[in-house]
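Structural description and commentary
Chain by chain, the residues:
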Amino acid sequence: MNSTLNQDGFIDQTIELNIINSAEPKQRNRIEEIELVHRLDKRLLVFAMFGNLVKTLDNSNLGSAFISGMEEELNITGLQYNWMGVLFMIGYLTMQIPSNILLSNMRPSRYLPALEIIWCFLTISMACVQSVQGVYVIRFLLGLAEAGFYPGIVFLIGTWYTKKELGKRLALLTICGSFGSGLSGVIQAVMLRTMDGIFGISGWRWMFMFDACITLILSVLGYHFLPDYPHNTTWLTQSERDMAIDRMNIDHSVEGKRVSTSSKWQKIKTLLGNKYLYPFIFSWASVHISLGAAHVLGIVSKKVGFDAVTANLLTTPDTIITMIFGLCNGFISDRYRTRIWCIVIPALIGLVGMSLLSAFVQPFPILYIGFLLTHAGLGSLTSIVMTWASEVISTNGEIRAMSIAIMNTSSSLMWVWAPLVLWPVTDAPYYHRGFTTSAILIVLFICSMLTVSYMQRHEVTVSNEGHVPLLQEEDEEDEEEILKTSTRSL
């Protein structure tokens with residue numbers, strides 16, 4: 001087998017096969033593998049997509065509620081709205097590492113649905129809250145409950161899917177998050193039109209009740225259908241479990257075996273000494289600060305004169321376009337086996353949009369185009385960044401899980417101060433400081449990603465390190481069949 005590293009950081013392989021007696025066993029194994037992927041998509045991927053949609057819907061609903069009557073009903077003034085977001089993030093950060101530890105020692109099919117149950121009850125509490133101080137407490141507790149979902153589900157998906165399959169799945173996961181964000185505005189508009197005042201309950205409170213109901217449904221589905229890990233999932237046969245383990249391309253190099261058998265402290269030192277980790281941490285934090293621009297669209301719309309229903313509905317086209325961009329970008333990245341260009345080009349589109357927002361161009365339709373470009377560009381690249389990080393940093397599962405947790409913690413830390421410094425509601429509608437800072441961060445993000453690409457292409461010991469993605473060349477028919485089966489399952 002001859003291997004060369006192409007310009008996008010993937011390994012091109014020329015494999016010489018002895019075709020005698022090999023065609024039939026390969027075909028039989030591929031059929032079994034396609035069926036396994038089909039079952040995983042129906043159980044794991046659907047749960048992950050639905051869960052991320054609900055999680056993002058819940059987070060976005062605070063902003064939708066704020067512009068739909070909560071501000072007046074609870075008498076929210078000054079930076080109190082921003083503190084609600086900060087306290088949520090403090091709770092999120094407090095529980096993220098303990099939650100990941102718990103997940104690694106428990107069955108995901110029990111732990112993740114349990115988090116959803118807690119999430120459900122706290123969302124009901126939001127529908128009943130009567131004071132700003134009550135919102136503070138509930139938002140902090142919601143942060144504790146939600147901390148384990150996203151990093152946990154990303155890690156679980158990476159445990160089951162190969163690198164060839166991962167980009168599409170994480171793109172679908174991200175798209176559902178974007179859909180949840182846009183769906184919040186639609187739901188709030190419907191509640192204001194149809195439910196506001198029924199039984200003396202405000203429309204924004206009905207929205208949280210709706211969230212609680214679908215969260216309960218999600219927890220029940222997770223309990224019955226979510227897999228655990230490849231070695232202990234009970235609804236797979238032993239042969240299927242063996243296949244699930246074998247297909248993950250465990251690193252059998254000297255370095256890979258050394259990492260796998262090392263102690264936890266040694267793995268931490270290996271991760272901290274990884275040269276790819278730090279550019280990814282900086283990039284992940286930068287892009288998430290910049291994405292804050294998309295979250296203030298509803299507030300900007302209301303402050304420039306639109307009514308609450310229209311301000312909520314204006315977030316929907318933005319979300320739909322971001323979903324389409326994200327889906328296309330994920331499939332292009334896997335189809336053409338490139339990560340860097342599927343990150344840099346959308347980032348440049350986002351930079352154009354952010355520049356329009358920073359200048360606060362008028363009339364409003366042009367400003368709205370700036371929001372669309374910003375969200376579509378930045379929102380479509382996040383899954384590619386996470387996929388690339390999972391491939392580049394390490395093939396070892398524990399190290400990969402730690403790197404995902406560190407990246408998510410870094411972005412979450414930014415939201416402890418960013419809402420107060422860059423996105424205070426008192427700066428609406430112009431948010432000049434937030435938009436301008438975000439434009440600068442996008443430029444730095446692009447430079448950081450290009451640095452990773454440069455380091456990867458110039459890696460001297462590619463064949464002996466487990467840090468460079470090895471995507472096996474497969475028959476085109478096999479790849480298309482997996483894609484068709486996955487699409488049917490959704």
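Everything below is about the structure printed above this text.
The present account deals with the structure reproduced in this document.

About the criteria used
- Residues numbered from 1 in each chain as written.
- Predicted model: local features only at pLDDT ≥ 70, side-chain atom pairs only at ≥ 80, totals over all residues.
- Heavy atoms only, no water.
- Phe/Tyr/Trp six-rings, centres within 6.5 Å; stacked < 30°, edge-to-face > 60°.
- Helix = DSSP H or I, 4+ residues; strand = E, 2+ residues; numbered from the N terminus.
- Buried < 20%, exposed > 50% of the residue type's maximum accessible area, 1.4 Å probe, protein only.
- Lys NZ or Arg CZ within 6 Å of the ring centre and 35° of its normal.
- Contact = heavy atoms within 4.5 Å.
- Polar contact = N/O pair within 3.5 Å; in protein donor to acceptor, adjacent residues only side chain to side chain.
- Core = buried A, V, L, I, M, F, W, Y, C linked by side-chain atoms within 4.5 Å.
- Salt bridge = Lys/Arg side-chain N within 4 Å of Asp/Glu carboxyl O.

1. So, the packing of aromatic side chains
Taken as a whole and judged by the stated rule, the model has 15 aromatic pairs. Aromatic pair Phe371 and Phe435: ring centres 6.1 Å apart, planes at 80°, arrangement edge-to-face. Here Phe435 lies in helix α20 (residues 432-457) and Phe371 lies in helix α17 (residues 364-379), a separation of 64 residues in the sequence. Classification of Phe371 as buried rests on a relative accessible area of 2%. Sitting over the ring of Tyr223, Arg110 keeps its end group 4.0 Å from the ring centre. The ring centre of Tyr336 lies 5.6 Å from the NZ or CZ of Arg335, which sits over that ring.

2. A word on the environment of Asp228
Along the polypeptide, Asp228 turns up in the loop between α7 (203-225) and α8 (238-246). Classification of Asp228 by relative accessible area gives buried; the value is 2%. Those residues in contact with Asp228 that sit more than four places away from it in its chain are Arg107, Pro108, Ser109, Leu156, Trp160 and Thr233. Here Arg107 takes part through its side chain, which lies 3.0 Å from a polar atom of the side chain of Asp228.

3. Some details on the nonpolar core
Judged by nonpolar contacts, the single largest core of 127 residues is most densely connected at Ile153 and Phe280. By residue number, the principal contributor to this core is helix α1 (residues 23-73), which donates 16 residues. Discounting chain neighbours no more than four positions away, the residues touching Phe280 are Val385, Trp388, Ala389, Val392, Ile393, Met407, Met449 and Val452.

4. Structural notes on unusual backbone geometry
Cis geometry is found at the peptide bond from Gln362 to Pro363, where omega equals 5°. Position of Pro363 relative to the elements: it lies in the loop between α16 (341-359) and α17. Across the junction of Ala428 and Pro429, the peptide omega takes the value 5°, indicating a cis bond. Along the polypeptide, Pro429 turns up in the loop between α19 (397-421) and α20. For Asn75, which is not glycine, the phi dihedral falls at a positive 55°. With respect to the helices and strands, the residue Asn75 is situated in the loop between α1 and α2 (80-104). The phi angle at Phe360 is positive, at roughly 45°, despite the residue not being glycine. Its place among the elements puts Phe360 in the loop between α16 and α17.

5. Let's talk about the pattern of salt bridges
Counted by the stated rule, this structure contains nine salt bridges. Arg39 is paired through a salt bridge with Glu240; the nearest N and O atoms lie 3.0 Å apart. In this pair, Arg39 is assigned in helix α1 and Glu240 in helix α8, connecting sequence segments 201 residues apart. Of the two residues, Arg39 and Glu240, both sit in the buried class. Residue Arg169 is joined to Asp41 by a salt bridge in which the shortest nitrogen-to-oxygen separation is 3.0 Å. Separated by 128 residues along the polypeptide, Arg169 in helix α6 (residues 163-194) and Asp41 in helix α1 bring together distant segments of the chain. For Arg169, a relative accessible area of 3% gives the class buried.

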